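Understanding the architecture of this molecule
This is what each chain is made of:
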Amino acid sequence: MIESLLVANRGEIARRIIRTGRRLGIRTIAVHSEADGALPFVTEADEAVCVGPANPAQSYRNVEAILDAARSTGAQAIHPGYGFLSENADFARTVEGAGLIWVGPGADAISAMGDKINARNLMAAAGVPVAPGTTEPASDLDAAVAAAAEIGYPVMVKAAAGGGGMGMGVAADEAALRTEYDKVRAFAERMFGDGSVLIERYFPRVRHVEVQILGLADGRVVALGERECSVQRRNQKLVEESPSPAVSPELRERFLAAAVRAGEAVNYRNAGTVECLLDPSTQEFFFLEMNTRLQVEHPVTEYVYGVDLVEEQLRVAAGLAPTFDPDALAPRGHAIELRINAEDPKRFLPGPGAITTWNEPSGTGVRVDSGYVAGNTVTPFYDSLMAKLILTGDTREEAVQRARAAVAQFEIAGPKCNLPFFAELLENPEFLSGDYDTGIVSRMR
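These notes cover the structure that comes with them.

Calculation criteria
Residues numbered from 1 in each chain as written. Predicted model: local features only at pLDDT ≥ 70, side-chain atom pairs only at ≥ 80, totals over all residues. Heavy atoms only, no water. Helix = DSSP H or I, 4+ residues; strand = E, 2+ residues; numbered from the N terminus. Rg over C-alpha atoms; globule rule 2.2 N^0.38 Å. Buried < 20%, exposed > 50% of the residue type's maximum accessible area, 1.4 Å probe, protein only. Areas by Shrake-Rupley, 256 points an atom, 1.4 Å probe, with all protein chains shown as cover. Lys, Arg positive; Asp, Glu negative; His and termini not counted. Charge placed at Lys NZ, Arg CZ, Asp CG, Glu CD. Salt bridge = Lys/Arg side-chain N within 4 Å of Asp/Glu carboxyl O. 1 Å grid on protein atoms, 1.4 Å probe; cavity = no way out; pocket = protein on both sides within 12 Å on 5 of 7 lines; lining within 4 Å. Points joined across faces, edges and corners; volume = space filled by probe spheres on them. Nonpolar A, V, L, I, M, F, W, Y, C, P; charged D, E, K, R; others polar. Expected span 1.5 Å × (residues − 1). Arc of directions from axis to C-beta. Contact = heavy atoms within 4.5 Å. Polar contact = N/O pair within 3.5 Å; in protein donor to acceptor, adjacent residues only side chain to side chain. Pairing = 2+ DSSP bridges. Axes fitted to C-alpha atoms, helices over the stretch in contact; angles between N-to-C directions. Core = buried A, V, L, I, M, F, W, Y, C linked by side-chain atoms within 4.5 Å.

A count of helices and strands for the protein chain gives 15 helices and 20 strands. The C-alpha atoms of the protein chain give a radius of gyration of 21 Å, which matches the 22 Å a tight globule of 445 residues would have. Projected onto the principal axes, the alpha-carbon positions of the protein chain cover approximately 60 × 50 × 45 Å. Counting over 445 residues, the protein chain shows a buried share of 57%. Of the roughly 16600 Å² that the protein chain leaves accessible, carbon and sulfur atoms contribute 49%. Looking at charge distribution, the protein chain has the averaged site of its 43 positive side-chain charges lying 3 Å from that of its 60 negative ones.

Right, here's the structure in full:
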């Protein structure tokens, strides 16, 4: 097993990785910005190194500073968490070129799946269903208009290099497309340094379902069930649950088989997620993208399949066999994750601030993965996620009941917080029925 691990991230995911490292007897090293020096992950690691100012480009995305920290502390491996440099193929190559172990998929797989158009074409060739769309970037507005006419409106306009729900727009007609194309292209150039745009069919009523895969050290790719991610605002997830209430055993078998084919097509190693759109009226699903990293919502899979995904990542990176039998994977129970963000519960606008009260719920079937404690400050420099509240039970109904109680018990004062939204959602008949889609939040508002 790896003996020393640098965690190139912050907040709750850094704490999460450090926790598994400690259990396995691995020496952990945290890197942090000047703004994050007082956060729990810094003191919980065996060592900590400040890598720069609050600006992520000068700290958490500062490749040289992170590698210097690894060298100075004698780190053997680097775990990137999610976000920041986690899906940066050049960073993965640089880490390995420095003689360190990269705890993630190979750089070639990251590159292959990082471009949405290339990924769509690879998946189609591998027999994974893809939605109607362009097979090469729409080079200009005229090309986008021609592609949309062939695909049929409404269409989704997407940044080819985007991810995490960013760089997307919907066009119901040509006039809207002309506006959205310029908007998405400008955003993509600013955020990703790549203005390439793809056009694909937009499904007005759709569910967002993803499959957790793990590429093992022996070359096999296995699937650890699906997660339902349809409760979203601005195409970004707020709630995830596993198993999906929309997925029958027969549909699950098709989902998992397609996800395994997707991983095999790029010789995938380590943890990854194959994201899909599900048309509930036809039970057809289409490849959306592959996230070549650990997902925010991995805890629901951990409960349902009885694994520690961070441990499995470390074992794959070290060339070791998994702790579980790949031929005997089966779901049990139900898990729901709520993303507790520092944001307005009505309009979901960020609301950073100093935390004056922080009292976490506890009890049977309650897990809290948090990045903060009372006295810390949620700054405007990073994502608004403060904690993940994970509720489990033998049934979905039991998990929902525990979620209601836990939301009522969770006390946060100081920054704005979306806990009131979850209290509302957990009484919403559409959500409780399990028959909901990605429009549920807009219908609540």
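Turning to the pattern of salt bridges, a few remarks are in order. Opposite charge on two side chains makes pairing possible when the charged atoms of those side chains draw close. Tallying each qualifying case throughout the model produces 42 salt bridges. In this structure, Glu87 engages Arg293 in a salt bridge whose closest nitrogen and oxygen atoms are separated by 2.9 Å. Of this pair, Glu87 sits in the loop between strand E4 (77–79) and helix H4 (89–97) while Arg293 is found in the loop between strand E13 (284–291) and helix H10 (298–305), placing the two residues 206 residues apart along the sequence. Judged by relative accessible area, which is 34%, Glu87 ranks as partly exposed.

A few words on empty space enclosed by the protein. Considering all chains together, one arrives at 1 cavity of 30 Å³ or more under this definition. Here the largest cavity is characterised by a volume of approximately 40 Å³. If you trace the largest cavity, you find it lined by His79, Pro80, Gly81, Ser86, Trp102, Val103, Gly104, Pro105, Thr292, Arg293, Leu294 and Gln313. Counted by class, the lining of the largest cavity contains 5 nonpolar, 6 polar and 1 charged residues.

Let us now look at helix H8 (residues 174–192). Here H8 spans 26 Å end to end across 19 residues, near enough to the 27 Å set by a 1.5 Å rise per residue. Every buried residue belonging to H8 is among Leu177, Glu180, Tyr181, Val184 and Ala188, and all of these are buried. The buried residues of H8 occupy an angular sector of 115 degrees when the element is viewed end-on, so they sit on one face. Across from the buried face of H8, at angles greater than 90 degrees, the exposed residues are Ala175 and Arg190. Buried residues in H8 make contact with helix H7 (141–151), strand E6 (155–159), strand E7 (168–171) and strand E8 (197–201). Structurally, the start of H8 carries an N-cap: the backbone nitrogen of Ala175 is 3.3 Å from a side-chain oxygen of Asp173. Of the residues flanking the end of H8, it is Gly193, one or two places downstream, whose phi is positive at about 70 degrees.

What follows concerns the pairing of strand E19 (residues 385–393). Of all 9 residues in E19, 9 are buried, a share of seventy percent or more. Taken together, the 8 bridges between strand E14 (residues 334–341) and E19 define a ladder with antiparallel strand orientation. In the sheet register, Arg339 faces E19, and the bridge partner there is Lys388. Strand direction decides the pairing type here: strand E17 (residues 366–370) and E19, joined by 5 bridges, are antiparallel. Bridge assignment links Val368 to a residue of E19, and that residue is Leu389.

As a further point, take the sheet that holds E8. With antiparallel pairing, the 3 strands of this open sheet are ordered in space as E7-E6-E8. A strand with exactly one partner marks an edge of an open sheet, and here the two such strands are E7 and E8. If you compare each strand with its neighbour and ignore which way they point, the axes differ by 25 degrees on average. Bridge analysis of E6 against E8 gives 5 bridges, and the strand direction is antiparallel. When the bridges of E8 are listed, Met156 appears paired with Glu200. Sheet contacts for H7: E6 and E8; angle to E8, the most-contacted strand, approximately 15 degrees. Helix-sheet contacts for H8 involve E6, E7 and E8, and the interaxial angle to E6 is about 20 degrees.

The nonpolar side chains of soluble globular proteins are, as a tendency, buried together. Formed by 72 residues in total, the largest nonpolar core has its most connected members in Val231, Leu338 and Ile340. Leaving out residues up to four positions away in the same chain, Val231 has contacts with Gln236, Lys237, Leu238, Val239, Phe421, Leu425, Phe431, Tyr436, Ile440 and Val441. The next biggest cluster of nonpolar side chains, apart from the first, holds 28 residues, and it includes Val211, Ile213, Val260 and Ala262.

Turning our attention to the environment of Pro331. Looking at the secondary structure, you find Pro331 in the loop between helix H11 (309–317) and E14. Its relative accessible area of 39% is what places Pro331 among the partly exposed residues. Spatially, the C-alpha atom of Pro331 lies 25 Å from that of Pro105, the residues being 226 residues apart in sequence. Those residues in contact with Pro331, other than ones at most four positions away along the chain, are Val304 and Tyr305.

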